[in-house]
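Overview (structure and organization)
Below are the chains, spelled out letter by letter.
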Protein chains: 2
Amino acid sequence: MADPITFYFDFSSPYGYLMSEKIDDLAARYGRKVRWRPILLGIIFQSTGSAPLTLQAPPKAAYYKHDFARSARFLGVPFRFPSKFPLPTQQAARAYLWLHEQDCVQARAFAHATYRALFVDDRDISGPDTVLDIAAGLGVDRQALAAALGGPELKERLKAEVGTAMAAGVFGSPTVVVDGEMFFGADRLPQLERWLAEGGF
Amino acid sequence: MADPITFYFDFSSPYGYLMSEKIDDLAARYGRKVRWRPILLGIIFQSTGSAPLTLQAPPKAAYYKHDFARSARFLGVPFRFPSKFPLPTQQAARAYLWLHEQDCVQARAFAHATYRALFVDDRDISGPDTVLDIAAGLGVDRQALAAALGGPELKERLKAEVGTAMAAGVFGSPTVVVDGEMFFGADRLPQLERWLAEGGF
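Nothing here was measured: the structure is a model prediction, and the numbers come from that model.

Rules used throughout
Residues numbered from 1 in each chain as written. Chains lettered and ligands numbered in written order. Predicted model: local features only at pLDDT ≥ 70, side-chain atom pairs only at ≥ 80, totals over all residues. Heavy atoms only, no water. Axes fitted to C-alpha atoms, helices over the stretch in contact; angles between N-to-C directions. Helix = DSSP H or I, 4+ residues; strand = E, 2+ residues; numbered from the N terminus. Parallel < 35°, antiparallel > 145°, perpendicular 65-115°, else oblique. Contact = heavy atoms within 4.5 Å. Nonpolar A, V, L, I, M, F, W, Y, C, P; charged D, E, K, R; others polar. Buried area = accessible area lost by both parts, 1.4 Å probe. Salt bridge = Lys/Arg side-chain N within 4 Å of Asp/Glu carboxyl O. Polar contact = N/O pair within 3.5 Å; in protein donor to acceptor, adjacent residues only side chain to side chain. Pairing = 2+ DSSP bridges.

Let's talk about the packing of helix 5 (residues 90-102) of chain A against helix 6 (residues 104-119) of chain A
Residue and element names in this part refer to chain A.
- For the pair helix 5 and helix 6, the least separation of the axes is 6 Å and the interaxial angle reads 155°. Of the possible angle classes, the one that applies to helix 5 and helix 6 is roughly antiparallel. Residues Ala 92, Ala 95, Tyr 96, Leu 99, His 100 and Gln 102 of helix 5 pack against Cys 104, Gln 106, Ala 107, Arg 108, Phe 110, Ala 111 and Thr 114 of helix 6.
- Of the residues that constitute the contact of helix 5 with helix 6, the class distribution is 8 nonpolar, 4 polar and 1 charged.

Here we look at the interface of chain A and chain B
- On the side of chain B, 27 residues touch chain A, which itself brings 27 residues to the contact.
- Here chain A and chain B share an interface that buries about 2,600 Å² over both sides, 55% of which is from carbon and sulfur atoms.
- For chain A, the biggest contributors to the area lost against chain B are A:Tyr63, A:Arg70 and A:Phe74; these three give 24% of the whole.
- Counting across the interface, chain A meets chain B through 6 salt bridges.
- Taking the shortest distance from any N to any O, the salt bridge between A:Arg188 and B:Asp187 comes out at 2.8 Å.
- At the junction of chain A and chain B, the tally comes to 20 residue pairs in polar contact (both at pLDDT 80 or more).
- Residue assignment for the side of chain A that touches chain B shows that the elements contributing at least two residues are helix 4 (58-75), strand 4 (181-184) and helix 10 (189-198) of chain A.

A short note on the sheet that holds strand 3 (residues 175-178) of chain A
Residues and elements named next belong to chain A.
- In spatial order, the strands read 2-1-3-4; together these 4 strands make up an open sheet with mixed pairing. The outermost strands of the open sheet, each flanked by one partner alone, are strand 2 (34-38) and strand 4. Adjacent strand axes in the sheet meet at a mean angle of 20° when their direction is disregarded.
- Strand direction decides the pairing type here: strand 1 (residues 5-9) and strand 3, joined by 3 bridges, are antiparallel. If you follow Phe 7 over to strand 3, its bridge partner there is Val 176.

Focus: unusual backbone geometry
- Going from A:Phe85 to A:Pro86, the amide bond is cis rather than trans, its omega being -10°.
- Of note, A:Asp122 is a non-glycine position whose phi angle comes to about 55°, a positive value.
- Even without a glycine there, the phi angle at B:Asp179 is positive, about 45°.
- Residue position: B:Asp179 is located in the loop between strand 3 (175-178) and strand 4 (181-184).

Structural notes on the sheet that holds strand 4 of chain B
Residues and elements named next belong to chain B.
- Reading across from one edge, 2-1-3-4 is the order of the 4 strands in this open sheet, with mixed pairing throughout. Among the strands making up the open sheet, the edge pair consists of strand 2 (34-38) and strand 4. Strand after strand, the sheet turns through a mean of 20° between neighbouring axes, direction not considered.
- Looking at chain direction, strand 1 (residues 5-9) and strand 2 are connected through 5 bridges and run parallel. What sits directly across from Thr 6, in strand 2, is Arg 35.

Now the structure itself:
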């Protein structure tokens, strides 16, 4: 079986959410698995001097707010722009890392549920309570996760994950890497598909 | 016949070049004409606080330099990254406006020839001499164009065109507007096609 592909995402990234709804099925069609890697755009943007699209100059911010919803319709993915945006995603990312160590299937379910909580149900996923609620709803031991989220270890692990992503050249979300080839943005799905089908072009 | 669509482009924009090779055929398949509108990203970026992709943080700049060529291969368009980049495009844009007043078919041919001079043949299109050479090669009266490029009128017209584009919300190149709906980037070609086919989605 060919190597898994890597999907870097921030839980507050609208295009990351769109990619999250497509990447596993796309990969599966070409016999690939996907490694999901949560990142924090806050840290990455500090290093690159960038900012969220909705905080860019007014015409650009307005365009992207419109395009998030249009791209979601184009891809057939339900989407509602959140009331609170952008928002911190450390808790969600740390919970993902912890869950992934216990049960990678449950971690994937948590990632989907968290993205949909934010971009479909307009829930504020920034605080630990909502993250714990989402995880508990999937059968996760709430107290164990709460204890882990409160500890220093997960914090360090997430920081290291973001560092690894940046060292690999990741500067935004979503970023997908196939056999060393990097694709940035949900709008690169057609290129990604051809790359998987043809092994390059 | 449905309204023409509008294509805003800067002659130094790699994704603008890719769009320029696709937009007329795409529009024609849906019974549409295309209005080409040269803009100057230098002026627009001053207003939005933006910068060319190749002058962004190193990982982002490196990604886009790679993506220009990959996107060109994906779309089947010949492409070579220019030795001099970015570069001023006022002369080319002014020449386009002047030609368009005389003969819109010749203006279109000039736009294609100028984009290909930069992104296929690696010619420096920033100075008036190269612009005049390209135009003369298409049968344009070189002296008449040279006189127009030296005058104040074209300068003002281009400034006004850029102002009109900015007032319409244009913040980058390429931007295509169909029936009031704006699409930014060559990677929006699939959405643009569906919009033309279905009248929205």
